[in-house]
Structures are given as C-alpha cells and as structure tokens.
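What the coordinates show
What follows is each chain in one-letter form.
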Amino acid sequence: MNKLANSSAEPSYISRLALNASPFSSSANADSFFNSEQIEQRLNLLFHLVRSSDKVGLLFAEQGVGKSTLITQLQQGAGDELRIVRIDAQSSADSSSLILQCLRAFGVEEEEGSENDEYKAHLKNRLKRLLDLNIRPLLLVDDSDSLAPVNLAIFKEWLSWQDDEGFLLQAIFTASRVMPELENIDGRLQRVDLPGLTEQELSAYLMQRLVSVGFQGELPFSPKEIKKF
C-alpha cells in the first residue's frame with residue numbers, strides 16, 4: 001500500500017479503494033483541512049495577527065506540510081471585517097497584472113489609472129477608506145519565496161504605507177524558508193512555524209483525506225507503514 005505515495009500508481013489504487021479522486025492532491029480545499037491542536041493554534045495566531053495587531057505574518061514550513069490549506073481556511077473563516085486579496089506567487093504574472101489584480105480586489109476601479117504614481121495614490125486612498133469603515137485590508141501571498149524580486153519590493157513598499165492611525169495594509173506570507181528579505185518591514189514581521197503532523201495525528205489525517213474522496217472501511221495502512229510515513 002506504500003504505492004499510494006507514487007503518483008504513477010494512482011489509477012490502480014483509486015479503483016481498488018473505490019475512490020472518486022486522488023486523496024492526496026496538492027490543491028487546497030475545505031475538505032482537506034486537518035485541524036490538529038498545533039494547526040489550530042497557528043490558525044488562531046494568524047487570525048489574531050490580522051484582527052488585533054499590525055503585524056505582517058510569515059507562515060513557513062517545508063513544501064507539502066499544509067501552508068496553502070491553512071491560509072485557505074483563514075480566508076474562508078474571515079468575516080466582513082477583512083477585505084482579502086490572495087496572490088499565488090507560483091502563478092503570478094508580470095508586475096502590472098499583479099498590481100491590477102490587487103487594485104480590483106480592494107475596490108479600485110480600473111479606469112482610475114494604474115500608472116505608477118496614480119495607482120499608488122488611488123490604492124492608498126482606498127485602503128484608508130476601508131479602514132475608516134472598520135474593514136482591514138489583507139494581502140495573502142502564497143509561496144512568497146517564489147515571488148520575483150520586483151513584485152516582493154512592490155508589496156514591501158505597500159506595507160510601509162501609514163497615516164496618523166497606523167499602517168494601511170496587513171499581510172500574511174507563506175514560504176518554505178524564513179525569508180530574511182522580509183526583515184525590514186518596519187519591525188512588523190512575525191514568523192509562525194507550521195509543524196508537521198505527529199505520529200499520533202497521522203492516522204487520523206490519512207483517514208480524513210481518504211474519506212473526503214469516498215473511501216469506506218478501515219485505514220488501509222498497517223502500523224508499520226504508518227511508522228514509515
């Protein structure tokens with residue numbers, strides 16, 4: 001059964017276990033969220049950072065641990081008090097397209113202009129208006145260590161904007177490393193590690209992923225295989 005880890009074996013094990021899809025897809029969705037005690041603590045901390053502080057969060061862990069799934073959960077759990085734009089750095093386009101995506105998500109009309117000085121002025125004003133309405137603008141950047149340097153520099157500049165009331169924009173970045181290049185964001189950086197599952201949590205996690213794609217029965221892994229995982 002350790003062939004489950006091999007993508008080339010997917011057709012045979014999906015049929016053999018009567019699954020309707022791959023249980024270990026890398027795409028993040030609500031059904032794939034496994035809420036262990038440690039993961040819940042990190043999610044609560046991220047909510048605290050964006051709702052009750054001016055910190056910029058950096059959620060870091062090795063690839064595949066669940067960073068994208070966790071910020072998806074944050075996004076789905078956010079209420080009307082947050083206005084969120086999410087950027088997937090792996091598929092982010094050129095800087096102009098990235099800026100336009102953010103402007104639209106925060107409510108800046110395209111015809112208001114996207115030239116350098118114009119978009120900055122319009123975006124600043126929009127962020128201020130949102131804050132006046134008690135709505136916090138939040139930038140979620142997934143896989144931020146894949147961002148082009150020019151795009152990272154743009155986001156860092158936006159995060160430096162402030163008025164008499166405080167900073168205009170908050171952000172949560174995810175990355176597979178601690179990203180020292182984020183250190184100089186006005187002392188706002190708060191790193192949050194995302195630990196891997198413990199051996200005790202792994203069986204429950206595997207069962208949840210299998211059940212989410214139609215599996216019925218007992219966990220098809222032996223204690224020896226669980227130990228190996």
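Everything below is about the structure printed above this text.
Residues numbered from 1 in each chain as written. Predicted model: local features only at pLDDT ≥ 70, side-chain atom pairs only at ≥ 80, totals over all residues. Heavy atoms only, no water.

**A few points about the pattern of salt bridges**
Basically, it comes down to this: A pairing counts as a salt bridge when a side-chain nitrogen of Lys or Arg comes within 4 Å of a carboxyl oxygen of Asp or Glu. Only DSSP runs of H or I with at least four residues qualify as helices, and only runs of E with at least two residues qualify as strands; both kinds are numbered from the N terminus onward. The rule is simple: take the accessible area with a 1.4 Å probe, protein chains only, and divide by the maximum for that residue type; under 20% is buried, over 50% is exposed, in between is partly exposed.
Counting across every chain of the model gives 6 salt bridges. For Lys120, the salt bridge identified is with Glu157, shortest N-O distance 2.8 Å. With Lys120 in helix α5 (residues 116–132) and Glu157 in helix α6 (residues 149–160), this pair connects stretches of sequence that are 37 residues apart. By relative accessible area, which is 29% here, Glu157 ends up partly exposed. Here Arg177 and Glu181 are joined by a salt bridge, their closest N and O atoms 2.7 Å apart. Overall, Arg177 belongs to the partly exposed group, its relative accessible area being 34%. A relative accessible area of 27% means that Glu181 is categorised as partly exposed.

**Some points on the packing of aromatic side chains**
Heads up, the rule is: In this scheme Phe, Tyr and Trp rings, the latter by its six-membered ring, pair at centre separations within 6.5 Å, and the angle between planes marks the pair as stacked below 30 degrees, edge-to-face above 60, and tilted otherwise. For a ring to carry a charge above it, either NZ of a lysine or CZ of an arginine must fall within 6 Å of the ring centroid while also lying within 35 degrees of the normal to the ring plane.
What the rule picks out here adds up to 3 aromatic pairs. Summarising the aromatic geometry, the rings of Phe155 and Trp158 are spaced 5.6 Å apart at their centres and angled 65° between planes, so their arrangement reads as edge-to-face. Of this pair, Phe155 and Trp158 are both found in helix α6, 3 residues apart, which corresponds to roughly one turn of the helix. When sorted by exposure, Phe155 lands in the same class as Trp158, which is buried. Seen from their ring centres, Trp158 and Trp161 are 6.2 Å apart, and the 35° between their planes marks the pair as tilted. Residue classification places Trp161 among the buried positions, given a relative accessible area of 6%. Grouping aromatic residues by their ring pairs yields a cluster made of Tyr119, Phe155, Trp158 and Trp161. One residue, Arg188, lies across the ring of Phe167, its end atom 4.1 Å from the ring centre.

**Some remarks on the nonpolar core**
We apply this condition: Grouping buried Ala, Val, Leu, Ile, Met, Phe, Trp, Tyr and Cys residues that are joined through side-chain atoms within 4.5 Å yields what is termed a nonpolar core. Working rule for contacts: check all heavy atoms of both residues, and any pair within 4.5 Å makes them a contact.
In this structure, Leu123, Leu139, Phe155, Trp158, Phe173 and Leu182 are the most contacted members of the largest nonpolar core, which totals 34 residues. Per-element accounting of this core gives the leading share, 5 residues, to α6. Excluding its chain neighbours within four sequence positions, the residues that come into contact with Phe173 are Val56, Gly57, Leu58, Leu59, Val141, Ser144, Leu152, Leu159 and Leu182. Residues Val50, Leu59, Ala61 and Leu74 belong to the second largest nonpolar core, which totals 19 residues.

**Focus on the pairing of strand β6 (residues 170–175)**
Quick reminder of the rule: Pairing between strands is defined by DSSP: at least two bridges between the two strands are required.
Burial analysis of β6 places 6 of its 6 residues in the buried class, the great majority of the element. The side-chain alternation of β6 yields two buried faces, one formed by Gln170, Ile172 and Thr174 and the other by Ala171, Phe173 and Ala175. Bridge count between strand β1 (residues 56–60) and β6: 4 bridges; the pairing is parallel. Note on β6: the bridge partner recorded for Leu59 is Thr174. Bridge count for strand β3 (residues 136–142) against β6 is 4 bridges, and the pairing is parallel.

**Some details on the sheet that holds strand β2 (residues 82–88)**
Strand pairing within a sheet occurs via backbone hydrogen bonds; the two strands may be parallel or antiparallel. This is how it is decided: Axis definition: a line fitted to C-alpha atoms, limited for helices to the stretch in contact. Angles are taken between N-to-C directions and run from 0 to 180 degrees.
Spatially, 5 strands are ordered β2-β3-β6-β1-β7 in an open sheet, and the strand pairing comes out parallel. Each edge of the sheet is formed by a strand with only one pairing partner; in this case those strands are β2 and β7 (189–193). Pairwise comparison of adjacent strand axes, ignoring direction, gives a mean angle of 20° for this sheet. Sitting on the sheet, helix α3 (residues 67–77) touches β1, β2, β3 and β6, and the angle it makes with β3 is about 160°. The strands that α6 touches are β1, β2, β3 and β6; relative to β6, the one it contacts most, it runs at about 150°.

**Notes on the packing of helix α4 (residues 95–105) against α6**
The description of two packed helices rests on the angle between their axes and on the distance between the axes. Convention followed: Note on convention: near helix rotated counterclockwise from far helix by under a right angle means a left-handed crossing. Clockwise means right-handed. Classification used: nonpolar for Ala, Val, Leu, Ile, Met, Phe, Trp, Tyr, Cys and Pro, charged for Asp, Glu, Lys and Arg, polar for all others including Gly.
Look at α4 against α6: their axes get within 10 Å of each other, and the N-to-C directions meet at 35°. Along this stretch, α4 crosses α6, giving a crossing that reads as right-handed. Contact residues: Ser95, Leu98, Ile99 and Cys102 in α4; Val150, Asn151, Ile154, Phe155 and Trp158 in α6. Partitioning the contact of α4 with α6 into residue classes produces 7 nonpolar, 2 polar and no charged.

**Here's the deal with the layout of surface pockets**
A probe matching the size of a water molecule, rolled over the atoms, marks out where space remains unfilled. Rules: Detection works on a 1 Å grid of protein atoms alone, calling trapped sets that fit a 1.4 Å probe cavities and calling open sets with protein on both sides within 12 Å along at least five of seven lines pockets, with lining residues defined by an atom within 4 Å of a point. Grid points are joined across faces, edges and corners, and a volume is the space filled by probe spheres set on the points.
There is about 210 Å³ of room inside the second largest pocket. The wall of the second largest pocket is formed by Ser53, Asp54, Lys128, Leu131, Asp132, Arg136, Asp163, Glu165, Gly166, Phe167 and Gln170. Looking at the lining of the second largest pocket, the elements with two or more residues in it are α5 and β5 (166–167). A per-element tally of the lining of the second largest pocket places α5 first, with 3 residues.

As far as function goes, none of this settles anything; it's purely spatial.
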